[in-house]
Amino acid sequence: MEYIRIVSIENPLFVEMHQLMQQVFPPEEVLDFPLWEEPLKDPGIRVFVAVSDDKVVGATEYRYYEDWNVAMTDFTIIGQDGLGIGPFLAAERKRDLNRLAETAGKELFGMFAEIYNPYLSDEHDFGGIKSMNPYVRREVLSHLGYKRIDFPYVHPSWQGDGEAVSGLDLCFMPSDASVTSISSRLVADFLKRYYMVLPVKPAQWTSMVEDLESREELDLKRL
């Protein structure tokens with residue numbers, strides 16, 4: 001299996017990846033094809049596909065914020081069960097992020113991720129792929145070390161319509177497993193930068209961020 005970075009929508013592998021996204025994720029979680037052109041050119045946004053037998057079978061997107069020394073996993077897609085795609089992507093992503101942190105003279109503090117909470121919403125079948133089942137994914141991410149940041153979470157729809165999307169938790173995987181809380185200001189600043197690309201934000205999201213800015217620490221809870 002190969003781990004290949006995508007930097008252009010002209011790459012045929014990106015076409016396959018975007019089709020895979022549409023098969024797996026609900027529409028409000030998928031950025032329209034032409035809108036990917038600029039993000040893929042951003043050196044801070046890292047989009048990789050897992051390729052087996054010349055076919056895209058998985059993908060992951062993530063980014064590293066050197067000033068905060070944290071990363072964000074935007075998404076992980078397992079396109080086929082039984083190939084070990086998940087462990088492959090997780091290992092390659094970790095290797096790449098550790099290298100980026102080391103280049104900055106640091107040891108990665110941790111990584112954010114939005115994780116579906118099937119106990120809040122269980123309406124998506126994620127393309128019928130068993131490995132993408134939200135109950136399975138939640139347990140796997142828990143084993144990797146992700147913890148739920150203890151606050152009610154919504155995010156702006158990636159369709160750019162200003163709608164609030166719920167049914168997910170914002171989580172954090174500290175590199176040091178003994179860490180039990182995270183700065184509320186860091187979470188607020190991260191969310192403002194992460195969703196800067198979306199000009200229209202729902203009132204629920206704005207209120208949520210304002211509340212985060214008024215607090216100091218947020219507990220990290222088990223998934």
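Now for a description of the structure that goes with this document.

The rules we used
- Residues numbered from 1 in each chain as written.
- Predicted model: local features only at pLDDT ≥ 70, side-chain atom pairs only at ≥ 80, totals over all residues.
- Heavy atoms only, no water.
- 1 Å grid on protein atoms, 1.4 Å probe; cavity = no way out; pocket = protein on both sides within 12 Å on 5 of 7 lines; lining within 4 Å.
- Points joined across faces, edges and corners; volume = space filled by probe spheres on them.
- Helix = DSSP H or I, 4+ residues; strand = E, 2+ residues; numbered from the N terminus.
- Nonpolar A, V, L, I, M, F, W, Y, C, P; charged D, E, K, R; others polar.
- Polar contact = N/O pair within 3.5 Å; in protein donor to acceptor, adjacent residues only side chain to side chain.
- Contact = heavy atoms within 4.5 Å.

1. Focus on empty space enclosed by the protein
Here comes step 1: For the structure shown, the criterion picks out 1 cavity of 30 Å³ or more.
Here comes step 2: Counted as a void, the largest cavity has a volume near 30 Å³.
Here comes step 3: Forming the boundary of the largest cavity are Glu 114, Ile 115, Tyr 116, Pro 134, Arg 137, Arg 138 and Leu 141.
Here comes step 4: Counting residues per element, the lining of the largest cavity draws most heavily on helix 4 (residues 134–144), at 4 residues.
Here comes step 5: Along the lines of polarity and charge, the residues of the lining of the largest cavity split into 4 nonpolar, no polar and 3 charged.

2. Some details on the side chain of Arg 63
Here comes step 1: In this fold, Arg 63 is placed in strand 3 (residues 55–65).
Here comes step 2: Within polar-contact distance, the side chain of Arg 63 engages the side chain of Glu 61 at 3.0 Å.
Here comes step 3: Looking at Arg 63, its side chain comes within polar contact range of the side chain of Asp 74, at 2.8 Å.
Here comes step 4: With residues up to four places along the chain from it excluded, the contact list for Arg 63 reads Gly 44, Ile 45, Val 70, Ala 71, Met 72, Asp 74, Leu 97 and Tyr 194.

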